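Listed here are the chains, written in short residue letters.
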Amino acid sequence: MRLDCVRNKVWVAAFGVLSAGMAVLSSFGLLLYCGMPFSMTVATAPFLILGIGVDDMFIMISCWQQTRVKDKVEDRMAATYKEAAVSITITTLTDALAFYIGLLTPFRSVQSFCMYTGTAVVFCFLYNITFFGAFLALNGRREKSNRHWFTCLKVPQPESEKYNMCCVGGAYDSQTGSEKPIPVYSFIKKYYGPFLTNRWTKMMVILLYAGYLAAGIYGCLKIQEGIELKNLAPDGSYVGNYYDDEDQYFSDYGPPVMVVVTDRDFKYWDQSARDQLDTCLQAFGNLTIEDRSLTDQSLSSSWLHEYIKYRTSMVLNLNDKRTFIENLPTFFNVSPATRVFRQDVNFSIPDLNIYASRMFIQTVNIRTATDERDMLNKLRETAESEVCPGSLRVYHPAFIFFDQYAVIVSNTIQNLVIATLAMLAVSLMLIPSPICSLWVTFAIASVIVGVAGFMALWDVNLDSVSMINLVICIGFSVDFSAHISYAFVSSKKSTANEKAIDALVNLGYPIIQGAVSTILGVVVLSAAESYIFRTFFKIMFLVIIFGAVHGVVFLPVFLTFFGICGVKVHDNEKHVKPDTLNHGQVTSSQINFNRSTKNLSIVMSAQVSETKSGIHSPVFDPDCP
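Residues numbered from 1 in each chain as written. Predicted model: local features only at pLDDT ≥ 70, side-chain atom pairs only at ≥ 80, totals over all residues. Heavy atoms only, no water.

1. A word on the overall build of the chain
The helix and strand inventory of the chain stands at 18 helices and 11 strands. In the chain, the proportion of contacts linking residues at least 24 apart, taken out of those at least 6 apart, comes to 74%. For the chain, the accessible area works out to roughly 31000 Å², and carbon and sulfur atoms hold 61% of it. (Helix = DSSP H or I, 4+ residues; strand = E, 2+ residues; numbered from the N terminus. Contact = heavy atoms within 4.5 Å. Areas by Shrake-Rupley, 256 points an atom, 1.4 Å probe, with all protein chains shown as cover.)

Written out as structure tokens, the structure is:
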């Protein structure tokens, strides 16, 4: 927001936010109309889209402010889109790809989130280059007519540096012809940029990065898998108290697992079939995890064992199929102890068949998510082994959560690797420098390591919720790194240090604006009464902070290490041939006069000195890192 009553862009900012809101409405409406499921995790998507849309808005406004105010609005828009369109196209492609790649995961909640958010990113891009761009052009017409930002009445232009901001406006830089830069740009150009590209500062940045990377890797080694079931309920729910009491008083006992026989042709009345089933249950009872017993056989429950005991007291021949099945109702009504088995057998007396039945085994010593994962794997391996009947399953309602533990790590790594490679491909296509594209990919991997590591240190486990946010991590890390890298490559400065400073001047402040606005947009979630929303805030906070630090601190320094030093890129400068070549010496600096811009530019001609022996001695640029 500027104090100049003409250059003020309050309405532009408001329509930028409105553009992001329209993208959310359009994408959600389209997918809901198509019948796409809406999971709880999708409720965090609008905060993310707001951050992406506002970031692109800041980039476009920054490019608009660097155009010449006296040019036609059409020319200013062309110059704005020339600089900003490629940058926001890169980020949109990478963000959308990152989310759509998330559809490869087997988790439905993650698929739903990625579908809604990826589609919203596409709509956000379309509205930014059409709806927001159109309003930026209308605002440009107002500025060209020197009209007040609120009343739209014409105001006089200022005649001096000191003027009444309410009554006059429309000031601009007479030397560049563009809007006057705000103090932050001057600070970056005069102080921060030179300080960051100083040789000693670069060494400190490298040491700082090494510490950051070490802390991130340490955190990754400490990361825990799984989600506590009480976290799926809102704070204050009785469900949380139930699980707390269960952990306090019954922590030695795990879930009672059903062993289900689904084979309709299984002969319960046959002694050999019953012996096989007993052997199978015995195998479950002998399972261990790290030398700890996995089950307690004394707490296991089997209707078949109790039925055999009942046969002994009633002198029944249970080896006969008809006798076995027809006496089941009588057995279930003998006492309250046998009535509990009514739901354990699905049978039909007219058909003389038992369709399915179940027994229970009591698990013990299950304390962590890793124990739950190992328990699930061992139970399933035993159920599929030769000692058990062919059609036998193990099940508990909590297995739907334990299942994710078995694949969460592999799926997270798979999605991150594929998405990162996709980001590299897009960067190689749109950033005209392979080395800078590799630096963008490096920044993505670096931010992922930092977020995953500090996420663990912030008591956030790796689960389906945090997995979604790690996919987000890729999108936002690309946003920051791609903007700076593209600005570095497209800079017309001659040395790597100057390119880095120029990139920071042009896009450093918009990156900071986007980071701050995104954090402000999600900070309200820190006080939410839901684990999902609080986790979203924690990881988003880490992503934005680390992404912004990479964009304005680490990456500019790293880019200077492989910058092209001393290469001329000014299209309108013509090199003047030296008047004389002093044999055995380097020629002095030559001055070119650029008539088109009326500026003097000193061109350091690094001529090659020729020695008597014919060996050429190059002169190196002192600014090259």
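2. Describing the packing of helix α5 (residues 183–196) against helix α17 (residues 496–522)
A pair of packed helices is captured by two measures, namely the crossing angle of their axes and the spacing between those axes. At a minimum axis distance of 9 Å, the contact between α5 and α17 shows a crossing angle of 130°. Judged on the interaxial angle alone, α17 and α5 are oblique. The two elements α5 and α17 cross, and the hand of that crossing is right-handed. Here V184, Y185, I188, K189, Y192, G193, P194 and L196 of α5 come into contact with α17, specifically with I501, L504, V505, N506, Y509 and P510. Tallied by class, residues from the contact of α5 with α17 come to 11 nonpolar, two polar and one charged. (Axes fitted to C-alpha atoms, helices over the stretch in contact; angles between N-to-C directions. Parallel < 35°, antiparallel > 145°, perpendicular 65-115°, else oblique. Left-handed = near helix turned anticlockwise from the far one by under 90°. Nonpolar A, V, L, I, M, F, W, Y, C, P; charged D, E, K, R; others polar.)

3. Some points on the nonpolar core
Core analysis: the largest hydrophobic core is formed by 109 residues, its most contacted members being L48, F113, V451, I472, I474 and F476. Ranked by residue count, the leading element in this core is helix α18 (residues 531–560), at 17 residues. Residues within four places of I474 in sequence aside, it is in contact with A98, N415, L416, A419, T420, M423, I444 and I448. The next biggest cluster of nonpolar side chains, apart from the first, holds 45 residues, and it includes V261, C280, M375 and Y531. (Core = buried A, V, L, I, M, F, W, Y, C linked by side-chain atoms within 4.5 Å. Buried < 20%, exposed > 50% of the residue type's maximum accessible area, 1.4 Å probe, protein only.)

4. Topic: the pattern of salt bridges
One pass over the full model with this rule turns up 10 salt bridges. Residues R76 and E143 are paired through a salt bridge, measuring 3.8 Å at the closest nitrogen-oxygen approach. With a gap of 67 residues between them, R76 in helix α3 (residues 73–101) and E143 in helix α4 (residues 108–144) connect regions that are remote in the sequence. One salt bridge in this structure joins R373 and D374, with 3.5 Å as the shortest N-O distance. Under the relative-accessibility criterion, R373 is labelled partly exposed at 21%. (Salt bridge = Lys/Arg side-chain N within 4 Å of Asp/Glu carboxyl O.)

5. Examining the environment of I512
Within the fold, I512 resides in helix α17. Note: C-alpha distance between I512 and A548 (36 residues apart in sequence) is 6.7 Å.

6. Observations regarding α5
The end-to-end C-alpha distance of α5, which contains 14 residues, comes to 18 Å, matching closely the 20 Å that a straight helix rising 1.5 Å per residue would cover. Residue K189 marks the point of greatest curvature in α5, where the axis turns by about 40°. Residues Y185, I188, G193 and L196 constitute the buried set of α5. In the core, the buried residues of α5 are packed alongside α2 (45–65), α6 (199–221), α17 and α18. (Expected span 1.5 Å × (residues − 1). Bend = angle between axes of the 7 residues up to and from the residue.)

7. Points about the state of the cysteines
Evaluated as defined, the whole model comprises one disulfide. Each disulfide pairs two cysteine sulfurs, and for C280 the partner residue is C388, the sulfurs being separated by 2.0 Å. Since a negative S-S torsion denotes a left-handed disulfide, the C280-C388 link at about 85° is right-handed. Of this pair, C280 sits in helix α8 (residues 271–285) while C388 sits in the loop between α13 (369–383) and β7 (392–395), and the two are 108 residues apart along the sequence. An identical accessibility class is assigned to C280 and C388; each is buried. (Disulfide = S-S within 2.5 Å.)

8. Notes on empty space enclosed by the protein
A full pass over the atoms with the stated rule returns one cavity of 30 Å³ or more. Within this model, the largest cavity holds a volume of roughly 40 Å³. Taken together, T41, T44, V465, I468, N469, I532 and F536 make up the full set of residues lining the largest cavity. Those elements giving two or more residues to the lining of the largest cavity turn out to be α16 (464–490) and α18. A total of three residues in the lining of the largest cavity trace back to one element, the largest contributor, which is α16. Its residues assigned to classes, the lining of the largest cavity shows four nonpolar, three polar and no charged. (1 Å grid on protein atoms, 1.4 Å probe; cavity = no way out; pocket = protein on both sides within 12 Å on 5 of 7 lines; lining within 4 Å. Points joined across faces, edges and corners; volume = space filled by probe spheres on them.)

9. Considerations on unusual backbone geometry
In this model, L352 sits at a positive phi of 50°, which is unusual for a non-glycine residue. Considering the arrangement of structural elements, one finds L352 in the loop between β5 (345–348) and β6 (353–364). Given a relative accessible area of 15%, L352 falls into the buried group. Positive phi values are uncommon outside glycine, yet N365 reaches one of about 60°. Its location among the elements puts N365 in the loop between β6 and α13.

10. Topic: the confidence of the model for the chain
Across the chain, pLDDT averages 79, with 85% of residues at or above 70. Long-range and interchain partners of residues 564–625, a stretch whose pLDDT sits below 50, account for 79 contacts in this model, where long-range means more than four residues apart. (pLDDT = per-residue confidence, 0-100.)

11. Looking at the layout of surface pockets
Put simply, the second largest pocket is a space of about 730 Å³. Around the second largest pocket, the lining is made up of 28 residues, and of these E246, D247, I366, R367 and E372 lie nearest the centre. Put simply, the parts of the chain that give the lining of the second largest pocket at least two residues each are α7 (238–249), β1 (253–261), α13 and α14 (399–430). Across the lining of the second largest pocket, the residue classes break down as 13 nonpolar, seven polar and eight charged.

12. Description of the packing of aromatic side chains
By the definition in use, this model includes 39 aromatic pairs. Aromatic side chains W303 and F324 sit 6.4 Å apart centroid to centroid with 70° between the ring planes, which places their arrangement in the edge-to-face category. Taken together, the residues span a long stretch of sequence, with W303 in helix α9 (residues 303–314) and F324 in helix α10 (residues 321–326) at a distance of 21 residues. With relative accessibility at 0%, the residue W303 sits in the buried group. Taking relative accessible area as the criterion, F324 reaches 0% and is therefore assigned buried. Among the aromatic residues, those joined into a cluster by ring pairs are F266, Y268, W269, W303, Y307, Y310, F324, F331, F332, F341 and F347. (Phe/Tyr/Trp six-rings, centres within 6.5 Å; stacked < 30°, edge-to-face > 60°.)

13. Focus on the environment of W269
Checked against the element boundaries, W269 lands in the loop between β1 and α8. Each C-alpha atom, one on W269 and one on I325, is 8.6 Å from the other, the two residues being 56 residues apart in sequence.

14. So, the side chain of D344
Its place among the elements puts D344 in the loop between α12 (336–339) and β5. Judged by relative accessible area, D344 falls into the buried class, the value being 6%. Here D344 is in contact with W303, A356, S357, R358 and F360, once residues within four sequence places are set aside.

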